[in-house]
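Remarks on the overall topology
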Amino acid sequence: MPHDAPAEPVPGEPLRQVPSHGAGAASGAASAVPGPAYRVHTPRLVIRCWEPRDAPLLSAAVEASLEELRAWMPWAAAEPKGLDARIEDLRRFRGNFDLGVDFMYAVLDRPETRVLGGTGLHTRAGERREIGYWIHSGHVGRGLATEAAAALTRVAFEVERVRRVEIRCDPLNTRSSAIPARLGYRHEATLRGEAVAPDGGPRDTMVWGLLADEFPSSPAMASVVEAFDAAGRRIL
């Protein structure tokens, strides 16, 4: 089942262009080159900036997962899309990434031959990020969303140097809410009727947060991650 934390920018929530900062020696990175991280490697995944050439792979993953995506993701109501529309979406994602407006990532297998899902390190007001994710229905139950969210948690704190990271989800989506709990995030609130469900009705939203001073002792810190900038230089 996909996870309902947003994997696209949230309508009504302003995006912020926030300068990135290098992780530096304290994080163990190979250099102090500023972010953002264009590529992130974990033991099983390549998490990288979307490219227009990914359109056929993304369409295949979305269409194979459409029934489950529609249960949690408002953007899935506009699916399926034609190839030209998909390419335009990915051009927009890449443009926003290059401008530092928002950071949408593909989740791929290590050979980069299959899209396993999507994730995002979304900019929000203030020095904070919000992580969203969804996983291809054929690959649920393998811990891939947890692996991706852990990796972006490290990128947010060690490369972007933010003060706070959030994960938001529907309380009914227990697979989704288990991920921030597993990574050491705290359940701070449940906002009643805060969002609109895909069927148009009101939806509650759980807010999970992790602060910079809590991160070093969190399970997310122990995840194995390499990150690289736009030029391929290692920054984490």
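In this report, the structure presented in the accompanying data block is examined. Once a new chain begins, its residue numbering starts again from 1 and follows that chain's sequence as written. Per-residue local features of the predicted model are confined to residues with pLDDT of at least 70, and side-chain atom pairs are confined, for both listing and counting, to 80 or more; whole-chain, interface and lining totals are unaffected and use all residues. Hydrogens and water molecules were not included; the side-chain quantities draw on all heavy atoms of the structure.

Some points on the pattern of salt bridges
Criterion for a salt bridge: a side-chain nitrogen of Lys or Arg within 4 Å of a carboxyl oxygen of Asp or Glu. Considering all chains together, one arrives at 24 salt bridges under this definition. The residue Glu158 makes a salt bridge to Arg154 at a minimum N-O spacing of 2.6 Å. One end of the pair, Glu158, and the other, Arg154, are both in helix H4 (residues 144–159), four residues apart, so they sit about a helical turn from each other. Across the pair, exposure class does not vary: Glu158 and Arg154 are buried alike. A salt bridge links Arg186 to Glu214; the nearest nitrogen and oxygen atoms lie 3.5 Å apart. With Arg186 in strand E7 (residues 186–196) and Glu214 in the loop between strand E8 (202–211) and strand E9 (226–228), this pair connects stretches of sequence that are 28 residues apart. Residue Glu214 is classed as buried on the basis of its relative accessible area of 18%. What emerges from the salt-bridge pattern is a single network uniting Arg128, Arg164, Glu166, Arg168, Glu188 and Glu194. Think of it this way: any DSSP run of H or I at least four residues long counts as a helix, any run of E at least two long counts as a strand, and we number them from the N terminus. For each residue, the accessible area found with a 1.4 Å probe, counting protein chains only, is set against the maximum for its type, and the residue is called buried under 20%, exposed over 50%, and partly exposed in between.

Observations concerning the pairing of strand E2 (residues 45–49)
By the criterion of burial, E2 is predominantly enclosed, with five of the five residues buried. Summarising the sheet, strand E1 (residues 39–41) and E2 pair through three bridges and their orientation is antiparallel. Looking at the pairing, Val40 lines up with Ile47 of E2. DSSP bridges decide pairing: two strands pair if at least two such bridges lie between them. Connecting E1 to the antiparallel partner E2 that follows it, the hairpin turn spans three residues. Across five bridges, the pairing between E2 and strand E3 (residues 103–109) is antiparallel. Paired with Ile47 across the two strands is Val107, which belongs to E3.

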